[in-house]
Amino acid sequence: MKALAVRPGVTNSGEMIELAPPDSAEGAILVRGLAIGICGTDVEIMEGAYGQAPADDERLILGHESLGEVIEAAAGTGFSPGQLVVGVVRRPDPEPCDHCAIGEWDMCRSVHFRECGIKEQHGYAREMYRLDPQFAVAVDPRLGELGVLLEPASVVAKACMLAVHFLKRTDVRAKTALVTGAGPIGLLAALATRYYGLETHVVDVVDSGPKPDLVRDLGAHYHAGSAADLDISPEIVIECTGIGSVLRVAGAKAGPGGVVALTGISAVPATEEVNLSLFNKKMVLENKVLFGSVNAARTHYEAAARVLSEADPAWLGRLISRRVPADHWPEALERQTDDVKVVLDINPRARAA
Ligand SMILES: [Zn+2]
Ligand SMILES: [Zn+2]
């Protein structure tokens, strides 16, 4: 069977390789890989800037945003053939820390966690793989191929759930959310804050292409430019760019008592020294919470599955701006104008006309 592999640390080392079918020891559920969502992490791994192969291998199979179809599932797994499934990305450290031991692997306290397709664990860009049921999340069959959005949506669901959790330190209900960045994570964040019934504002630098309409079609407000110019006082800010200057503006824009979730990491080298005294003053005097959020546990995947099930499938379909067949995989990793989410089809199912 085919798999898309890289040699971590080596620039442009990606190649389609031939592998033996997965060993039954890998998990009780045999899955046919259908599609992989591509994100900035995959591009960084392909550039040799990130990623780590498993200890016994010099290659890493790429792909962390997955969608597969169950081929075979042992009795008692809760899965059956034909079901759509997404594999969890983060896996516990070999000697689980306190968090991993109770399934909170997204909050792992050690550096020894593994991440499928990223760090010391093979990913899902292969024609077949096996999953342990504890790392398999069922996808609503009505979502079909849109189920590939579940992993990025889980990252957003976690940030939103934590923001709501931190807001509960007062009894006042949140009304307004600000999302900075209208990439796939920002757009899914806007979907989630609309799902929670919040008036939602999204800021990005672009004023053309598909993003403004995608935001407006959620019933949210799109602003091209800087959050500094907005006359709003949001209780929840979800920062999705990872750019320091945007973070400072977003943090300042959060209303008194507000909560700021940081979900992005910028590829810009972090060499800029900034004076955080003013930022500190705003955070202290306005009782704000600033927190970082990465990855997701099972509960967040399940919350994301609910958000996606309630969403307009036509809107979700517009998030997938390009689909690339496996044989043309290098095109999936090239950024093109107006790309939102690019999907690599591993084993495309017959699509309804
Ligand atoms: Zn990703
Ligand atoms: Zn851990």
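Residues numbered from 1 in each chain as written. Chains lettered and ligands numbered in written order. Predicted model: local features only at pLDDT ≥ 70, side-chain atom pairs only at ≥ 80, totals over all residues. Heavy atoms only, no water.

Asks: What is the right way to read the coordination of the zinc ion (ligand 2) from this model?
Replies: Think of it this way: four donors in a tetrahedron around the metal ideally sit 109.5 degrees apart, and six in an octahedron ideally sit 90 or 180 degrees apart. Within the protein, the zinc ion (ligand 2) binds to Asp-93 (OD), Asp-93 (OD), Cys-97 (SG), Cys-100 (SG) and Cys-108 (SG); these donor distances fall in the range 2.3 to 2.6 Å. Within one chain, the residues donating to the zinc ion (ligand 2) are spaced in sequence as D-x3-C-x2-C-x7-C. The class of Cys-97 is buried, set by a relative accessible area of 14%. (Donors = N, O, S within 2.8 Å, 3.2 Å for Na, K, Ca; no water. Buried < 20%, exposed > 50% of the residue type's maximum accessible area, 1.4 Å probe, protein only.)

Asks: Explain the coordination of the zinc ion (ligand 1) to me, please; I cannot follow it from the model alone.
Replies: Within the protein, the zinc ion (ligand 1) binds to Cys-39 (SG), His-64 (NE2) and Glu-65 (OE); these donor distances fall in the range 2.1 to 2.3 Å. As a motif over one chain, the donors of the zinc ion (ligand 1) read C-x24-H-E. Remark: Glu-65 occurs in strand S5 (residues 65-73) and Cys-39 occurs in the loop between strand S3 (29-38) and helix H1 (40-46); sequence separation between them is 26 residues. When its relative accessible area of 19% is taken as the criterion, Cys-39 is described as buried. (Helix = DSSP H or I, 4+ residues; strand = E, 2+ residues; numbered from the N terminus.)

Asks: So what exactly am I meant to see when it comes to the packing of aromatic side chains here?
Replies: The geometry of two aromatic rings is summed up by the distance between their centres and the angle between their planes. By the definition in use, this model includes four aromatic pairs. Here the aromatic rings of Tyr-195 and Tyr-196 are separated by 5.6 Å at their centres, their planes lie at 80°, and the arrangement is edge-to-face. Residue Tyr-195 is classed as partly exposed on the basis of its relative accessible area of 37%. Above the plane of the ring of Phe-113 lies Arg-90, whose end atom (NZ or CZ) is 3.6 Å from the centre. (Phe/Tyr/Trp six-rings, centres within 6.5 Å; stacked < 30°, edge-to-face > 60°. Lys NZ or Arg CZ within 6 Å of the ring centre and 35° of its normal.)

Asks: Help me understand the sheet that holds strand S7 (residues 90-91) in this model?
Replies: Working definition: the strands of a sheet are paired by backbone hydrogen bonds and lie parallel or antiparallel to each other. Strand order in the open sheet formed by three strands is S7-S8-S9, and the pairing between neighbours is mixed. Either end of the sheet is taken by a strand with one partner, and the two such strands are S7 and strand S9 (120-121). Here strand S8 (residues 114-116) runs beside S9; their pairing, made up of two bridges, is parallel. Each residue of the ladder has a partner; that of Cys-116, found in S9, is Gln-121. (Pairing = 2+ DSSP bridges.)

Asks: In this structure, what is going on with unusual backbone geometry? I would like to understand it.
Replies: Negative phi characterises most residues that are not glycine, and trans characterises most peptide bonds. Even without being glycine, Asn-12 reaches a positive phi, approximately 50°. As for its position among the elements, Asn-12 is in the loop between strand S1 (2-6) and strand S2 (15-18). Asn-12 gets classed as exposed once you look at its relative accessible area, which sits at 60%. The phi dihedral of Asn-295 falls on the positive side, at around 65°, and the residue is not glycine. Mapped onto the fold, Asn-295 is located in the loop between strand S17 (289-292) and helix H8 (298-310).

Asks: How do you make sense of the sheet that holds S1 when you look at a structure like this?
Replies: Here we have three strands laid out as an open sheet, ordered S2-S1-S4, and antiparallel in their pairing. Only two strands of the sheet have a single partner each, and these edge strands are S2 and strand S4 (60-61). Note: S1 against S2, four bridges, orientation antiparallel. Looking across to S2, one finds that Ala-5 is bridged to Glu-15.

Asks: Explain the nonpolar core to me, please; I cannot follow it from the model alone.
Replies: Considering soluble globular proteins, one finds that nonpolar side chains tend to be buried as a cluster. The biggest cluster of nonpolar side chains holds 94 residues, and the ones touching the most others in it are Leu-150, Leu-191, Leu-308, Leu-316, Leu-319 and Leu-344. Broken down by element, the residue count for this core peaks at eight residues, all from helix H3 (residues 150-167). Each of domain 1 (2-138 + 313-350) and domain 2 (153-292) contributes no fewer than three residues to this core. Not counting residues within four places of it along the chain, the set of residues in contact with Leu-191 comprises Leu-218, Val-307, Leu-308, Ala-311, Trp-315 and Leu-316. (Core = buried A, V, L, I, M, F, W, Y, C linked by side-chain atoms within 4.5 Å. Domains from an automatic or database assignment. Contact = heavy atoms within 4.5 Å.)

Keep in mind these numbers describe shape, not what the thing actually does.
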